[in-house]
Amino acid sequence: MKYYDKLIFELSQPGRCGYSLPEWRWEATCEDIPLSLRRKDVARLPEVSEPDVVRHYTNLSNMNFGVDTGFYPLGSCTMKYNPKINEEIASMPGFACLHPLQPESTVQGALQLYHDLGRALSSITGMAEFTLNPFAGAHGELTGLMIMRQYHMQRGDLKRTRVIVPDSAHGTNPASAAVCGLEVVVVKSKPDGTIDTDELASLLDDTVAGIMMTNPNTLGLFEKEILKIAEMVHGCGGLLYYDGANFNPLLGKVRPGDMGFDILHLNLHKTFSTPHGGGGPGSGPVGVAARLVEYLPYPRVTFDGERYHLIGDNGKSAGRVSGFAGNFTVLLKAYAYILSLGKQNIRLAGALATLNANYIKESLKDCYKLPIDTLCKHEFVFDGLADKSTGVTTLDVAKRLLDYGFHAPTVYFPLLFHQSIMIEPTETESKETLDAFIAVMRKIAEEAVSEPDTLREAPHTTPVRRLDETTAAKNPVLTYFEM
Ligand SMILES: *Cc1c(COP(=O)(O)O)cnc(C)c1O
């Protein structure tokens with residue numbers, strides 16, 4: 001029987017104890033604490049022994065699924081293996097014990113790291129300069145759009161309040177534009193999954209602040225007309241924003257700066273060696289073209305040839321987007337990752353991610369519906385099972401994968417298809433892992449015909465079965481005792 005079959009949460013036994021603390025050694029006594037601040041009832045804490053506690057948390061951790069336990073092909077998320085050496089470096093006391101309010105003269109090494117990481121990201125993306133301040137991808141988007149708005153406002157071009165977003169875009173794109181006070185205009189994709197440039201032309205005028213895109217787009221397809229799109233958008237006075245959250249396929253190969261993009265963000269917590277998910281910690285650096293550098297948020301790190309400095313508002317900046325200068329440990333891991341791969345190997349990451357995605361796509365396209373049958377980049381989208389007669393849905397397939405020990409891909413996104421299954425294998429998976437996944441996906445397609453009810457009731461072997469996902473997300477019970 002597995003631990004969770006019994007769901008042993010009530011381990012407490014009155015009087016049992018897992019610690020021994022020394023006698024009270026301080027001069028202060030309870031009497032020194034004002035009456036109003038003193039606890040009235042004894043704290044209701046579980047009374048358990050040390051081995052009970054250790055086993056409890058170890059067993060709980062085994063109920064979770066992570067990149068370190070198995071294959072996690074979650075599209076648009078880049079759940080790749082993060083080398084442990086980078087965690088070790090980030091936890092070195094010289095880095096981990098820094099304080100953000102230390103005087104500049106005592107943190108020259110940290111400031112150099114900011115500076116050099118910014119330069120490395122500039123050379124990878126083709127942008128002039130970076131801010132490392134934002135804490136997430138969506139935070140980077142908002143920062144980038146604030147820079148875009150600031151650029152137009154500083155030129156007195158106040159009409160530009162519309163942002164064009166393709167219908168295949170990640171949901172954070174229109175959300176960030178709305179939060180920034182800009183109006184979202186959707187441009188449709190053509191049947192081949194790329195932007196319809198005729199429709200784009202009809203949307204362009206002097207009220208357009210810019211366009212938000214990603215390339216390869218959310219379907220994993222390269223927008224071949226990007227140079228033409230850049231010319232069209234620049235021609236009407238707008239800017240091009242690049243959502244670089246999933247930068248894996250481009251690493252060392254192609255640079256958004258060379259495609260004509262003016263502003264971009266990266267997710268260090270996808271592509272550059274910080275695990276993604278669970279709400280953080282993350283980092284969404286924003287890079288800009290030369291003519292936008294003065295609008296970057298502050299503080300910024302500069303180098304005068306001898307010393308590094310944190311500089312404040314220049315009067316034109318889009319403002320402050322974070323308390324200090326960003327999520328330092330995440331930046332550290334990215335820096336260590338980029339330097340340990342080096343120029344040659346960073347190129348391999350994108351090529352292998354692309355090869356792995358195409359390998360899975362070609363191996364499964366006879367039993368899963370491939371709506372756009374072409375070469376993909378790092379990810380691709382199936383529209384459910386090829387055989388729709390069984391009524392088995394994408395959700396059933398995803399849940400059944402859990403029984404076989406794989407994390408499910410992203411489902412029902414992008415919204416272009418009814419039964420989207422978005423698969424992103426990443427470059428860190430071996431051929432054996434990909435083959436095992438392909439075999440299970442084929443087996444599930446067979447089960448859809450031979451035993452569809454098994455799929456409809458899946459998962460069968462996980463700690464919890466099918467959840468009411470809305471309630472789980474909206475009303476999670478996070479406290480031990482009912483309040
Ligand atoms: C993950 C992702 C984002 C958002 O990143 P967060 O750090 O979760 O805010 C934005 N765009 C794309 C394409 C993404 O995949």
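Since the structure is predicted, the reported quantities are computational estimates derived from the model, not experimental observations.

Scoring rules and cut-offs
Residues numbered from 1 in each chain as written. Predicted model: local features only at pLDDT ≥ 70, side-chain atom pairs only at ≥ 80, totals over all residues. Heavy atoms only, no water. Axes fitted to C-alpha atoms, helices over the stretch in contact; angles between N-to-C directions. Helix = DSSP H or I, 4+ residues; strand = E, 2+ residues; numbered from the N terminus. Parallel < 35°, antiparallel > 145°, perpendicular 65-115°, else oblique. Left-handed = near helix turned anticlockwise from the far one by under 90°. Contact = heavy atoms within 4.5 Å. Pairing = 2+ DSSP bridges. Near = heavy atom within 4 Å. Polar contact = N/O pair within 3.5 Å; in protein donor to acceptor, adjacent residues only side chain to side chain. Areas by Shrake-Rupley, 256 points an atom, 1.4 Å probe, with all protein chains shown as cover. Nonpolar A, V, L, I, M, F, W, Y, C, P; charged D, E, K, R; others polar. Phe/Tyr/Trp six-rings, centres within 6.5 Å; stacked < 30°, edge-to-face > 60°. Buried < 20%, exposed > 50% of the residue type's maximum accessible area, 1.4 Å probe, protein only. UniProt positions renumbered as here; feature names shortened; annotations may be inferred. Right-handed = clockwise from strand over helix to strand, strands pointing away.

Considering the packing of helix α13 (residues 394–403) against helix α14 (residues 431–450)
Now for step 1: Remark: α13 packs on α14, axes separated minimally by 10 Å, with the N-to-C direction vectors making an angle of 125 degrees. Taken together, the axis directions place α13 and α14 in an arrangement best described as oblique. Note that α13 runs across α14; the crossing there is right-handed. Each of Val 397, Arg 400 and Leu 401 in α13 lies in contact with α14, whose residues at this interface are Phe 437, Val 440, Met 441, Ile 444 and Glu 447.

With respect to the sheet that holds strand β7 (residues 286–288)
Through backbone hydrogen bonds, the strands of a sheet pair up, either in parallel or in antiparallel fashion.
Now for step 1: Within the open sheet, the 7 strands sit side by side as β1-β7-β6-β5-β4-β2-β3. Their pairing is mixed. Since the sheet does not close on itself, it has two edges, and those belong to β1 (129–131) and β3 (183–187), each with one partner. Sheet twist, expressed as the average angle between the axes of neighbouring strands with direction ignored, equals 25 degrees.
Now for step 2: The sheet contact formed by β1 and β7 spans 3 bridges and is antiparallel. Each residue of the ladder has a partner; that of Phe 130, found in β7, is Gly 287.
Now for step 3: Of the strands in this sheet, β2 (162–166), β4 (208–213), β5 (239–244), β6 (263–266) and β7 touch helix α6 (residues 137–154), which is tilted by about 170 degrees from β5.

Some words on the site of the ligand
Now for step 1: Of all residues adjacent to the ligand, which total 13 residues, the nearest are Gly 137, Ala 138, Asp 243, His 269 and Lys 270.
Now for step 2: The separation between a nitrogen atom of the ligand and a polar side-chain atom of Asp 243 is 2.6 Å.
Now for step 3: Considering the ligand on its own, with 380 Å² of exposed area, one finds that the protein chains cover 87% of that surface.
Now for step 4: Counting residues per element, the ones that place at least two in the shell around the ligand are α6 and α11 (268–271).
Now for step 5: At 3 residues, α6 tops the list of elements feeding residues into the shell around the ligand.
Now for step 6: For the shell around the ligand, the class distribution of residues is 3 nonpolar, 7 polar and 3 charged.

Some points on the sheet that holds strand β11 (residues 410–411)
Now for step 1: Ordered by their spatial adjacency, 3 strands build an open sheet running β10-β12-β11, and the pairing between neighbours is antiparallel. Only two strands of the sheet have a single partner each, and these edge strands are β10 (380–383) and β11.
Now for step 2: In the sheet, β11 pairs with strand β12 (residues 420–423) via 2 bridges, with the strands oriented antiparallel. Bridging from a neighbouring strand, Val 411 pairs with Ile 421 of β12.

Looking at the packing of aromatic side chains
For any pair of aromatic rings, the description rests on two quantities: the centre-to-centre distance and the angle between the ring planes.
Now for step 1: What the rule picks out here adds up to 13 aromatic pairs.
Now for step 2: On the basis of an interplanar angle of 85 degrees and a centroid distance of 5.5 Å, the ring pair of Phe 406 and Phe 437 is categorised as edge-to-face. Residue Phe 406 is located in the loop between α13 and β11, and its partner Phe 437 is located in helix α14; the two are separated by 31 residues in the primary sequence. Like Phe 406, the residue Phe 437 is buried in the burial classification.

As for the side chain of Thr 197
Now for step 1: Looking at the element boundaries, Thr 197 is found in helix α8 (residues 197–203).
Now for step 2: Since its relative accessible area comes to 6%, Thr 197 is described here as buried.

Brief notes about the UniProt feature "modified residue: N6-(pyridoxal phosphate)lysine" (unreviewed entry) in the protein
Now for step 1: With numbering matched to this structure, UniProt assigns "modified residue: N6-(pyridoxal phosphate)lysine" (unreviewed entry) to Lys 270.
Now for step 2: A residue is classified by how much of its surface remains accessible, and Lys 270, at 6% relative accessible area, is buried.
Now for step 3: When near neighbours in sequence (up to four residues on either side) are disregarded, Lys 270 contacts Ser 76, Cys 77, Thr 78, Lys 80, Ala 245, Asn 246 and His 276.

Quick notes on the pairing of β4
Now for step 1: Where burial is concerned, most of β4 is hidden: 6 out of the 6 residues are buried.
Now for step 2: As defined by bridge partners, β2 adjoins β4 across 3 bridges and the pair is classed as parallel. Each residue of the ladder has a partner; that of Arg 162, found in β4, is Val 208.
Now for step 3: Assessed by its sense of winding, the connection that carries the chain from β4 through helix α9 (residues 226–235) to β5 is right-handed.

Looking at the pairing of β5
Along a regular strand, successive side chains alternate from one face of the sheet to the other.
Now for step 1: With 6 of 6 residues buried, β5 is to be regarded as a mostly interior element.
Now for step 2: Of the two faces of β5, the one lined by Leu 239, Tyr 241 and Asp 243 and the one lined by Leu 240, Tyr 242 and Gly 244 are each fully buried.
Now for step 3: In this sheet, β5 lies alongside β4 in parallel orientation, the contact comprising 4 bridges. Counted as the bridge partner of Ile 211 is Leu 240 from β5.
Now for step 4: Summarising the sheet, β5 and β6 pair through 4 bridges and their orientation is parallel. Note on β6: the bridge partner recorded for Gly 244 is Leu 266.

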